[in-house]
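The primary structure of each chain is shown beneath.
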Amino acid sequence: MTAPLRKFDEFPEPLPAELTPDQVRDYIDGPAAFLGGAANVIMQLSLKPVGYGVMESDVKSGSVMVRPIKRLRTTLTYIAVAMLGDEDDRAAYREAVNESHRTVHTKPASPVKYNAFDPKLQLWVAACLYWGMDDLYHRMRGPMNPEVAEAFYRYGARLGTTLQMRAEMWPPTRDAFYAYWEENLATKHIDEPTRAYFNVLTDLKMLPYPLQFLFGGLHRFIVTALLPQHLRDEMGMTWSARDERFFSGFLRLICAVWTRLPTVIRLFPYNFYLADTRRRRRLGRPLV
């Protein structure tokens, strides 16, 4: 008789205090990279210094409005390195990101000031990345085993410590994290210039018109689905119970197929971008 398949959140022995990259692979789904990207950008940039720092940056080579494919690659590579990479991968990518961040700051006349090396701002960005991963996992697969959820949360600190966020800044437990999240999310206000920027991103206006026409409506639906309600309200987006049922069914369908695929496929594109980073390092090519 064939042994039953192990659920993704069950281990034959108690989990160690700290997860390893190999163990974390069971809790990372490739579709999240494509589904949650734009919504997560809106979450991150809803912190006004981060939003204006990005919008006013002179580094056009990394702008999602100018080079959206490269921006997608660098963002997903960062997540892949932070969550799946070893310490050498993280150190190399930290150095590359730091180099690109040195010129990212707000203008003298900007209503806020931004420094890409500010660890408090990096904490918010890391929190958005973790919240997005956790939210999509729950939507697709249901609740994690509590022990696994706590271990995965602690591991998620790497989303900030791969840059300058100090480990002690990461809230110590998931409960503490969600208290931090709710408190800080409630303070976010999206002003008109930032809302206009987000609407361009949501409607894919930075892409050629045929792609806007084909995918813009679907992309707006997905972005609306994955934003916290407070940010939907700030964006003037509407979301109904019917929309939620439809989107939940859509995610369950994806999950039913995706979680049964071999790990090498299920982890795509994260495993691809991690391999690409290591290849670039060997060849001496830019990582960012």
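Since this is a predicted model, take the numbers as computed values, not measurements.

Asker: Explain the pattern of salt bridges here, please?
Answerer: Where side chains of opposite charge bring their charged atoms close, a pairing between them can arise. Following the criterion strictly, the structure yields 18 salt bridges and no others. The shortest N-O distance in the salt bridge between Arg-220 and Asp-203 comes to 2.7 Å. Of the two residues, Arg-220 is situated in helix H12 (residues 209–226) and Asp-203 in the loop between helix H11 (192–202) and H12; the sequence distance between them amounts to 17 residues. A salt bridge links Arg-280 to Asp-276; its shortest N-O distance comes to 2.8 Å. With Arg-280 and Asp-276 both in helix H16 (residues 270–283) and four residues apart, the pair spans about one turn of that helix. In this pair, the class of Arg-280 matches that of Asp-276, namely buried.

Asker: Where do I start with the side chain of Lys-188 in this structure?
Answerer: For Lys-188, the location among the structural elements is in the loop between helix H10 (174–185) and H11. No salt bridge is formed by the buried Lys-188; the nearest opposite charge belongs to Glu-183, separated by 9.5 Å. There is a polar contact of 2.8 Å between the side chain of Lys-188 and the backbone oxygen of Asn-184.

Asker: Would you take a moment to explain unusual backbone geometry for this structure?
Answerer: A cis amide bond, omega 10°, links Phe-268 with the succeeding residue Pro-269. Positionally, Pro-269 belongs in the loop between helix H15 (263–266) and H16. At Leu-204, a residue that is not glycine, the phi angle is positive and equals roughly 60°. Locating Leu-204 in the fold gives a position in the loop between H11 and H12. Judged by relative accessible area, which is 9%, Leu-204 ranks as buried.

Calculation rules
- Residues numbered from 1 in each chain as written.
- Predicted model: local features only at pLDDT ≥ 70, side-chain atom pairs only at ≥ 80, totals over all residues.
- Heavy atoms only, no water.
- Salt bridge = Lys/Arg side-chain N within 4 Å of Asp/Glu carboxyl O.
- Helix = DSSP H or I, 4+ residues; strand = E, 2+ residues; numbered from the N terminus.
- Buried < 20%, exposed > 50% of the residue type's maximum accessible area, 1.4 Å probe, protein only.
- Lys, Arg positive; Asp, Glu negative; His and termini not counted.
- Polar contact = N/O pair within 3.5 Å; in protein donor to acceptor, adjacent residues only side chain to side chain.

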